[in-house]
Every structure is written in structure tokens, then in C-alpha cells.
Amino acid sequence: MQYLPNVLFAIALILGIGYFSRNVKKLIRNIKLGKSITVPGDKKQRWKNMARIALGQTKMVVRPIAGLMHIIVYVGFIIINIEVLEIIIDGLFGTHRIFAFLGPVYDVLIGSFEVLALLVVIAVVVFWLRRNIIKLQRFIKPEMKGWPQKDGNWILYIELILMFLFLTMNAADYKLQELEAAYYVKAGAFPVSQWIAVLFDGMSQGTLIALERSAWWLHILGILFFLNYLYFSKHLHIILAFPNTYYGKLEPQGEMNNLAAVTNEVKLMLDPNADPFAASEGDSDDPDKFGASDVMDLSQVQLMNAYTCTECGRCTSECPANQTGKKLSPRKIMMDTRDRLEEVGRNIDANKGAFVPDGKQLLDDYISREELWACTTCNACVQACPVSIDPLSIILDMRRFLVMEQSAAPSDLNNMMSNIENNGAPWPFNQMDRLNWAQESN
Ligand code: SF4
Ligand code: SF4
């Protein structure tokens with residue numbers, strides 16, 4: 001019986017980490033459904049980008065208030081969870097505040113965790129107000145209705161509850177230390193929870209122990225729950241922001257990935273010196289399918305982008321198409337890609353590891369042609385994204401499918417492309433007539 005709590009703790013830990021690992025495997029499998037690509041560029045530059053953008057949060061502070069609050073929550077959450085290490089050791093071996101031997105260092109650590117916890121609570125309240133009372137435009141766009149809106153709030157509630165449990169646990173511990181209760185060694189500094197402890201004045205030692213143990217258990221169970229909630233939430237970005245920024249685009253933003261096969265065709269058509277035999281060699285590189293109509297046609301980086309999206313809406317709030325009332329929202333492009341990928345993943349799970357065609361695809365069932373053609377390819381969404389996501393690349397790949405596989409571009413574009421093909425220019429004039437305007441002016 002003496003070891004029952006330790007056994008229960010070990011079971012909770014194994015279940016929590018086990019289920020999380022299972023979902024991580026699923027996540028990796030889903031991302032690998034995309035095309036593998038060789039990512040060009042300097043590895044050193046990629047590591048630097050990851051350190052600057054994901055760790056340093058440099059793109060977050062472009063909007064100072066949200067950026068500062070986000071840094072507090074991020075740093076607070078990561079640092080406070082260092083305490084989880086102590087909780088795990090205590091839980092497994094039946095010790096209490098195992099790191100108390102650090103003496104003054106321990107006091108500083110616990111004290112600073114508490115200050116950070118208070119700052120996290122303040123930041124979370126501000127975030128909640130922005131979403132629910134101030135109702136910032138980017139949080140109430142159509143794609144945020146339903147689960148995305150609930151998810152955003154759930155994350156805030158869970159963080160708030162975890163911080164309160166942490167402070168309550170410390171407050172009860174502080175009182176028990178004052179009472180010199182057995183097992184509760186004098187350790188730690190409690191600059192915030194000592195004010196909560198005032199509420200516990202007059203409580204018996206037994207009640208305080210029950211309170212401390214309950215808060216301790218709920219805190220660690222809450223952390224395990226939150227860990228597993230990540231896979232189902234936009235909060236997955238706290239992990240994926242790191243690989244995603246590493247694989248972020250290094251080429252100039254306006255640079256599009258031309259297909260070698262198409263480039264050869266165009267050269268043959270426009271360049272009299274082009275070598276036709278070189279072009280036919282390139283034919284062997286012809287892809288099976290031009291562009292993308294479903295998630296399997298996208299690259300693994302694009303699929304990771306979809307899982308990394310924080311649904312912050314910075315891209316949509318900068319998008320000129322969205323600002324002028326068009327249906328396009330780059331955030332929705334990423335959310336739709338993730339939703340479809342999840343659907344494909346569930347299909348594979350239900351069919352013993354093989355995808356069975358379900359008569360659906362990303363194009364039309366999730367992302368409409370109207371959205372795709374509303375894009376001006378301005379790159380504002382790519383520039384605005386705090387975690388290096390590239391919604392434009394997905395739009396371009398889907399447009400490529402429409403043009404090259406279905407000849408389904410809007411008529412204006414089709415005319416322009418026919419003109420280029422026939423006249424070598426976007427205008428409907430014969431090449432011989434190009435300088436007519438000069439004669440007219442004489
Ligand atoms: S590139 Fe397209 S989706 Fe992105 S901001 Fe510009 S118009 Fe919007
Ligand atoms: S793509 Fe980037 S900017 Fe847009 S909602 Fe997702 S994380 Fe935010």
C-alpha cells in the first residue's frame with residue numbers, strides 16, 4: 001500500500017507519454033504522405049533561422065503587445081515546466097521536493113517560477129479578453145467558427161488552470177512548512193503563493209495535506225492531459241515551430257519553383273538557340289501529375305506547415321485579397337490542408353494502413369477555385385507568418401494543377417497564356433505588328 005501512489009504515478013506517466021508517442025508517430029506518418037523534397041540552402045543559415053524565429057520569437061514582436069504576451073506565456077510555460085522534472089522524480093520515488101538540497105538556488109528557482117506563473121496568468125487573461133471581449137477581427141473570421149475558436153479558448157483555460165494548481169500546491173506546501181509538518185521540508189521561496197496561503201489560515205494539517213496532494217496530482221495529470229491535447233490542437237506549434245522554421249524558405253520570397261520540364265518546353269518555343277535534345281532529356285523528369293489537387297501531391301514541408309499553423313491569422317489580416325472582401329484567407333488554406341490530411345490519416349487507420357479513395361480531395365471539397373484565383377501572389381502572408389509558413393506555395397501548386405491538368409484557368413488567364421504561346425507576349429497582337437504604334441505616332 002505504501003507504494004500505491006508511486007505505482008499509480010508510474011501508470012499515469014506511461015499512459016500519458018505512451019499515447020502522446022502514438023500520436024507523434026501518426027503525425028510523422030501523415031507528414032510523410034507528402035512528396036519528399038531536397039531542401040536547398042545553407043544548413044547553418046537554417047539553424048540560425050530556427051534560433052532567431054522559433055526560439056527568439058523575432059517575428060512575434062512585430063506586433064509588440066501580442067508579441068510580448070506570447071513571449072511571457074512561452075518562456076513561463078517552458079521554464080515552469082522544469083519543475084515537472086522534480087515532480088516526476090518525486091512521483092516515482094516517493095520523495096518530496098528532491099531538489100531542495102540546492103538550497104538558495106532552489107529558492108531562487110521556485111521564486112522565479114512563481115513570478116513567471118503570475119505573469120502567465122496575466123498574459124492569458126489579456127489573450128482571452130482580446131479573443132472574447134475585444135473580438136479582434138482576425139479571431140472572428142468565418143474559418144474560426146466552431147472548433148478553432150473553442151480550441152483557442154481551451155488552451156487558455158488549461159494554461160490558467162495549470163498555473164493556479166501550481167500556485168495552490170506551493171501555497172499549501174508553504175503553510176505545511178510553517179507548521180513544520182513531517183515530510184514537508186523547509187525549501188523554496190513563495191513570493192506569489194504566500195498571498196494565496198492567507199486563504200488557508202486556520203486549516204488543519206490534514207486538510208492542508210489533502211489540498212497540497214490534490215493540487216500536486218491534478219497539476220501533473222493536467223500536464224499529461226495537455227501534452228496529449230497538443231495533437232488535436234493548433235497548440236502543436238509549440239513543438240513544430242522548430243522544425244518548421246528550420247525548413248522555411250531561404251530563396252527570395254518572389255522566387256517560384258519552375259518545373260524543369262516546363263522550362264525546357266518554353267525555351268524550345270522561345271529560344272531559337274535551345275538544344276532540342278537537351279529538352280528531350282528533361283522529359284524523363286516529367287512529374288506524374290502537375291501541381292496538387294490533394295494533400296498527397298504536396299511536399300512534406302507543406303504538410304508540416306499545415307500542422308504548424310497557429311491559426312493566429314496574421315497572414316489573413318495582411319492579405320490584400322481578404323482585406324478587399326474576397327473569399328481567400330491564407331489561414332484557411334492551411335487549416336483546410338491540415339483537416340484534409342487528418343481525414344486521409346483516419347482513412348488509413350480505418351483501412352489497415354492503406355488509403356482507400358474516398359471520392360474527396362483538397363481541391364473543391366476543402367479549397368474552392370474562387371479562393372485560389374483570388375490570390376495576387378503578393379507574399380504578404382508568407383512575410384507575416386511568425387513560424388515561416390508558406391500558404392502561397394500551396395495556392396500555386398493547386399493553381400498549377402488547374403492550369404496544367406485541367407486547363408481550368410479563368411478565361412482572362414487562358415487568353416493571356418494563348419497569347420504568350422502564339423505571340424510571345426501577353427497581348428493579342430502578332431509579333432510583326434509590335435512596333436505599329438511607333439508608326440501611328442508619326
Ligand atoms: S500571396 Fe495570396 S494569399 Fe498570400 S497575402 Fe498575398 S494575396 Fe493573400
Ligand atoms: S499561416 Fe502563419 S500567420 Fe497564418 S494563421 Fe498560420 S501561423 Fe498564423
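Residues take numbers from 1 onward in each chain, read along the sequence in its written order. Here the convention is simple: chains get letters from A, ligands get numbers from 1, in the order in which they are written. Restriction of local features to residues with pLDDT of at least 70 applies here, the model being predicted, together with a cutoff of 80 or more for giving and counting side-chain atom pairs; totals for whole chains, interfaces and linings are based on all residues. Think of the side-chain values as coming from all heavy atoms in the structure, minus any hydrogens and water.

A. Layout of empty space enclosed by the protein. Of the grid points, spaced at 1 Å and generated over the protein atoms alone, those admitting a 1.4 Å probe that cannot get out make up cavities, while open sets with protein on both sides within 12 Å along at least five of seven lines make up pockets; any residue with an atom within 4 Å of a point is treated as lining. Grid points are joined across faces, edges and corners, and a volume is the space filled by probe spheres set on the points. One pass over the structure, following the stated rule, counts four cavities of 30 Å³ or more. A volume near 590 Å³ is recorded for the largest cavity. Looking at the largest cavity, it is lined by 30 residues, and the ones nearest its centre are M60, H70, F127, K234 and H237. The secondary structure listing takes helices from DSSP runs of H or I that are at least 4 residues long and strands from runs of E that are at least 2 residues long, numbered from the N terminus. The element contributing the most residues to the lining of the largest cavity is helix α3 (residues 64–80), with six residues. The classification used treats Ala, Val, Leu, Ile, Met, Phe, Trp, Tyr, Cys and Pro as nonpolar, Asp, Glu, Lys and Arg as charged, and all other residues, Gly among them, as polar. Looking at the lining of the largest cavity residue by residue, the classes come out as 18 nonpolar, six polar and six charged.

B. Representation of helix α1 (residues 4–31) in the model. Expected span, for any helix, means 1.5 Å times one less than how many residues it has. Its 28 residues give α1 an end-to-end C-alpha distance of 41 Å, which sits within 8% of 40 Å, the value for a rise of 1.5 Å per residue. Any residue under 20% of the maximum accessible area for its type is buried, any over 50% is exposed, and the rest in between are partly exposed; the area is computed with a 1.4 Å probe on protein chains only. Residues of α1 that are buried: N6, F9, A12, L13, G16, F20, N23, L27, N30 and I31. Contact between two residues is taken to exist if any of their heavy atoms lie within 4.5 Å; hydrogens are not considered. On its buried face, α1 is in contact with α4 (82–93), α8 (205–229), α9 (237–246), α12 (300–308) and α15 (330–350).

C. A look at α4. If you check α4, its first and last C-alpha atoms are 18 Å apart, about what twelve residues at 1.5 Å a residue would give, namely 16 Å. The complete set of buried residues in α4 reads E83, V84, E86, I87, D90 and G91. Each buried residue of α4 sits inside an arc of 155 degrees when the element is viewed along its axis, so together they form one side. The secondary structure elements touched by the buried residues of α4 are α1, α3, α5 (104–132), α6 (147–178) and α8. Phi for G94, located one or two positions after α4, is positive at around 70 degrees. This arc describes the spread of directions from the helix axis toward the C-beta atoms.

D. Here's a closer look at the layout of surface pockets. In this model, the largest pocket occupies a volume close to 1200 Å³. Secondary-structure elements contributing two or more residues to the lining of the largest pocket are α10 (260–270), α19 (391–404) and α20 (411–423). Taken together, the residues that form the lining of the largest pocket break down as 16 nonpolar, six polar and seven charged. The volume enclosed by the second largest pocket comes to roughly 1000 Å³. If you trace the second largest pocket, you find 38 residues lining it, with I37, N257, S299, Q302 and D397 closest to the centre. The set of elements that each furnish at least two residues to the lining of the second largest pocket consists of α12 and α19. Among the residues making up the lining of the second largest pocket, the classes are represented as 14 nonpolar, 14 polar and ten charged.

E. Geometry of the site of ligand 2. Near is defined per residue: the residue qualifies when any heavy atom it owns lies within 4 Å of the molecule or strand. Around ligand 2, 13 residues are found, and the nearest of them are C309, C312, G313, C315 and C385. Contributing elements (two or more residues each) for the shell around ligand 2: α13 (314–318) and α15. A per-class count over the shell around ligand 2 returns eight nonpolar, two polar and three charged.

F. Structural view of the environment of K135. Here K135 lies in the loop between α5 and α6. We classify K135 as partly exposed; its relative accessible area is 44%. Taking the C-alpha atoms as reference points, K135 and V84, 51 residues apart in sequence, are found 34 Å from one another. Residue contacts for K135: discarding those within four places in its chain leaves L129, R130 and I140.

G. Representation of the nonpolar core within the structure. For this analysis, a nonpolar core means a set of buried residues of the types Ala, Val, Leu, Ile, Met, Phe, Trp, Tyr and Cys, connected via side-chain atoms within 4.5 Å. Counting residues in hydrophobic clusters, the biggest one holds 49 residues, and the most contacted among them are I80, M163, F166 and F226. Contact partners of F226, with chain neighbours within four places excluded, come to F77, I155, I158, E159, L162 and H235. The next biggest cluster of nonpolar side chains, apart from the first, holds 45 residues, and it includes A54, V295, C375 and C381.

H. Up close: unusual backbone geometry. Within the chain, K352 stands out as a residue other than glycine whose phi angle is a positive 55 degrees. Relative to the helices and strands, K352 is located in the loop between α15 and α16 (362–365). One non-glycine residue, T377, adopts positive backbone phi at about 55 degrees. Mapped onto the elements of the fold, T377 is located in the loop between α17 (369–374) and α18 (380–384).

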